[in-house]
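Overview (structure and organization)
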Amino acid sequence: MNTYNVIIIGSGPAGYTAGLYTARANLEPLIICGYQAGGQLTLTSEVENFPGFPEGILGPQLMENMKKQATKFGAQLIFKEVTAVNFKERPFKVIVDDGEYQAKSVIIATGSYARMLGVENEKKFYGRGLSTCATCDAAFFKDRKVAVVGGGDSAMEEALFISRFASEVQVIHRRDALRASKVLQDRAFKNDKIKFIWNTVVRQILGERFVTGIELENIIDRSISTLEINGVFVAIGHEPKTKIFQGEIALDAHGYIVADQSGKTDVEGIFAAGDVKDFRYRQAITAAGSGCIAALEVAVYLSEN
Ligand SMILES: Cc1cc2nc3c(=O)[nH]c(=O)nc-3n(C[C@H](O)[C@H](O)[C@H](O)COP(=O)(O)OP(=O)(O)OC[C@H]3O[C@@H](n4cnc5c(N)ncnc54)[C@H](O)[C@@H]3O)c2cc1C
């Protein structure tokens, strides 16, 4: 069986960038793309904050460009999902449905996904007024009314960020107190644009093509109400895609891969890049940057071993 110098698991900005750099270093990488080839940006329309595209670029187009650039230099792609790994033996084993691959090193770039509300029609509104990323989308809601769902640190960070653009931010929280840190709570309470709706959950997103409102349920008295808004930001947490790595490398209490700034994990030769190790920044450019770093580190690792 062929032993690859490096296998990259995942084909978002982190995976394709790692592919580009390792390919240009003549390491002949294999990228196992997974079911969501191109990663999270394939779910969105306009991306306005990836440098190099002053007019913005569509998410799927940006990912197609990254794929082309990686394959141009010889990265090999396969469109399969990794179902298990064995990092205890060398070469490392990466298992897919119908076979197994071996590699001297692995870059994990499997990303994460935002937890959703679980209401019936939310998928329809993704990118049409419903967002999971204020940094990405808040600017589209200038002088508009929006809701932020959640009560933790990220919900408060999102609400504060959005308040720079929106005319009004309604925080919908299912409890009667926030879980966010005191500092963030204080900042949010002091912000005139941010209002709170307590003990309340979202039952439905309203609108034809774009969000025009949400239906709310008060969980104490079960009363139903409608809130007219132009956007909903869901900020109830992210889940890293790391189930298949449990027991193989160190994960933190939330399931993120524990890696240093260079992407090194606790297993020598296994690197991580992008949202799978980053619970804070979660941006295409930071994911791409960490894919580059992991690739450079892989080159050093392979030359030393
Ligand atoms: C709707 C939306 C809009 C966004 N807009 C912006 C924006 O405007 N600007 C911005 O900077 N960021 C934006 N983001 C965030 C950005 O998309 C992410 O930060 C970025 O994609 C993370 O890149 P990544 O490579 O770490 O992972 P991802 O993009 O999540 O890619 C993960 C990859 O891993 C693969 N994978 C997962 N599990 C397996 C497995 N078992 N086997 C094989 N492959 C696997 C998937 O198929 C996928 O290809 C947006 C996110 C969303 C959801």
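Right, let's walk through the structure included here. Since this is a predicted model, take the numbers as computed values, not measurements. (Residues numbered from 1 in each chain as written. Predicted model: local features only at pLDDT ≥ 70, side-chain atom pairs only at ≥ 80, totals over all residues. Heavy atoms only, no water.)

**Overview of the sheet that holds strand 14 (residues 200-207)**
- Spatial ordering of the open sheet is given by 14-15-16, a layout of three strands whose pairing is antiparallel. Unpaired on one side and paired on the other, strand 14 and strand 16 (224-228) mark the two borders of the sheet. Between one strand and the next, the sheet's axes are offset by a mean angle of 25 degrees, whatever the strand orientation.
- In terms of strand pairing, strand 14 meets strand 15 (residues 211-218) through seven bridges, oriented antiparallel. (Pairing = 2+ DSSP bridges. Helix = DSSP H or I, 4+ residues; strand = E, 2+ residues; numbered from the N terminus. Axes fitted to C-alpha atoms, helices over the stretch in contact; angles between N-to-C directions.)

**Let's talk about the state of the cysteines**
- Counted under the stated rule, the structure contains one disulfide.
- Between the sulfur atoms of cysteine 133 and its disulfide partner cysteine 136 the distance amounts to 2.1 Å. Given an S-S torsion of about 70 degrees, the disulfide between cysteine 133 and cysteine 136 has right-handed geometry.
- You can see cysteine 33 has no disulfide; the closest cysteine sulfur is in cysteine 292, sitting 19 Å from it. (Disulfide = S-S within 2.5 Å.)

**Digging into the packing of helix 5 (residues 153-162) against helix 6 (residues 182-190)**
- Put simply, helix 5 and helix 6 touch, their axes get as near as 10 Å, and they point 35 degrees apart. As helix 5 packs across helix 6, the resulting crossing turns out to be left-handed. On helix 6, the residues touching Asp153, Met156, Glu157 and Leu160 of helix 5 are Leu184, Arg187 and Ala188.
- For the contact of helix 5 with helix 6, a count of residues per class yields four nonpolar, no polar and three charged. (Left-handed = near helix turned anticlockwise from the far one by under 90°. Contact = heavy atoms within 4.5 Å. Nonpolar A, V, L, I, M, F, W, Y, C, P; charged D, E, K, R; others polar.)

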